[in-house]
Amino acid sequence: MAKKHINTEEHILEVAREVFMEHGFDGTSMQMIADVAGIHKSLLHYYYRTKERLFGQIFSKAFSQFIPHLGVIFMSDMTLKEKIYAFVDRYMDVFLKQPLIPLFVMQELSKNPQHLGELIRGAGIDPGLMIKNIKIAMEKEGIKMDDPRQFFINLIGLCVFPFVARPLIQQMLFDNDKEAYHNFILRRKKEIPELFINAMNIA
C-alpha cells in the first residue's frame, strides 16, 4: 500500500510538471492535471489540496537539486574564470531540464519572497559568504570591482532572462521553433562566460 501511495504521488508530480510546463501556472487547473494523470480530481486534492501546493512541491524538489551545486561552485578553490564557466553550465543545464524553476521564482517573488529566501537558506546557501568568496577571488586575480554583488546579479540575470522570457523569445525570434530556441540556449552557455571574461579582462 505504501509503495502504491508513493507511486501515485510521483505520477501526479510528473504529470503536473509537464502540464505546468505546457500551459504555465495560470493556464493550468487541478482538473486539467487530474484528467491527464487519469485520476479523479478528489484524489489530486487529497494529496496536494491546492494548485499552489502542488506547484510548490514540484519546484522545491527541483530547487533542492539545483541550489547546493551553486554553493559548491562559488565556495570552491576554482579560479574566477572556472567558476563562471561552471556556474553558467550548471545553471543552464538545470533550467533546460527544469524550466518550471524560473516560472516559480517569478511567482514567489510577486507573492511570497520570504518563502524563496527560506528555500535558499534551507539548502545551506549563505549568499553573503558566496559574495565574500567572489570578492576574495577577484582580489587574488587582480580584478577591480567596487561591489562584487554587481557581478553576481549580472551573471544570474544573463542566465535566467532567456528562460523567464522563453515564450516571447521563442515566438519573436524563432517563430515558435522549440529546437532553434534550445540550440540558442546551448550557445549561450559559451557566450555568457566569454562576455564576462572579456569585459573583466580575466586571464
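Reference entry: report on the structure contained in this document. All of these numbers come straight from a predicted model, not from anything done at the bench.

## Structural notes on the nonpolar core
Generally speaking, soluble globular proteins have nonpolar side chains that are buried together. Among the nonpolar cores identified, the biggest contains 58 residues, and Leu 44, Leu 54, Leu 80, Phe 87, Phe 151 and Leu 155 are the most heavily contacted of them. Not counting residues up to four positions away in its chain, the partners in contact with Phe 87 are Leu 70, Ile 73, Phe 74, Leu 155, Ile 156 and Cys 159.

## Quick notes on the pattern of salt bridges
Tallying each qualifying case throughout the model produces five salt bridges. Salt-bridge contacts for Asp 147 lead to Arg 149; the nearest nitrogen and oxygen are separated by 2.9 Å. A relative accessible area of 24% places Asp 147 in the partly exposed class. Here the salt bridges do not stand alone but share partners, grouping Glu 14, Arg 17 and Glu 18 into one network.

## Examining the packing of helix α8 (residues 127–140) against helix α9 (residues 148–164)
With their axes 9 Å apart at the nearest point, α8 and α9 run at an angle of 110 degrees to one another. Relative to α9, the element α8 is oriented roughly perpendicular. Where α8 abuts α9, its residues Met 130, Ile 131, Ile 134, Lys 135 and Met 138 lie against Pro 148, Arg 149, Phe 151 and Phe 152. Grouping the constituent residues of the contact of α8 with α9 by class yields seven nonpolar, no polar and two charged.

## Things to note about the packing of helix α5 (residues 80–97) against α9
Taken N-terminus to C-terminus, the directions of α5 and α9 make an angle of 25 degrees; their axes are 10 Å apart at the nearest point. Judged by the angle between their axes, α5 and α9 are roughly parallel. For the crossing formed where α5 meets α9, the hand is right-handed. Contacts between α5 and α9 involve Leu 80, Ile 84, Phe 87, Val 88, Tyr 91, Met 92, Phe 95 and Leu 96 from the first element and Phe 151, Leu 155, Ile 156, Cys 159, Val 160 and Phe 163 from the second.

Definitions and limits used
- Residues numbered from 1 in each chain as written.
- Predicted model: local features only at pLDDT ≥ 70, side-chain atom pairs only at ≥ 80, totals over all residues.
- Heavy atoms only, no water.
- Core = buried A, V, L, I, M, F, W, Y, C linked by side-chain atoms within 4.5 Å.
- Buried < 20%, exposed > 50% of the residue type's maximum accessible area, 1.4 Å probe, protein only.
- Contact = heavy atoms within 4.5 Å.
- Salt bridge = Lys/Arg side-chain N within 4 Å of Asp/Glu carboxyl O.
- Axes fitted to C-alpha atoms, helices over the stretch in contact; angles between N-to-C directions.
- Helix = DSSP H or I, 4+ residues; strand = E, 2+ residues; numbered from the N terminus.
- Parallel < 35°, antiparallel > 145°, perpendicular 65-115°, else oblique.
- Nonpolar A, V, L, I, M, F, W, Y, C, P; charged D, E, K, R; others polar.
- Left-handed = near helix turned anticlockwise from the far one by under 90°.

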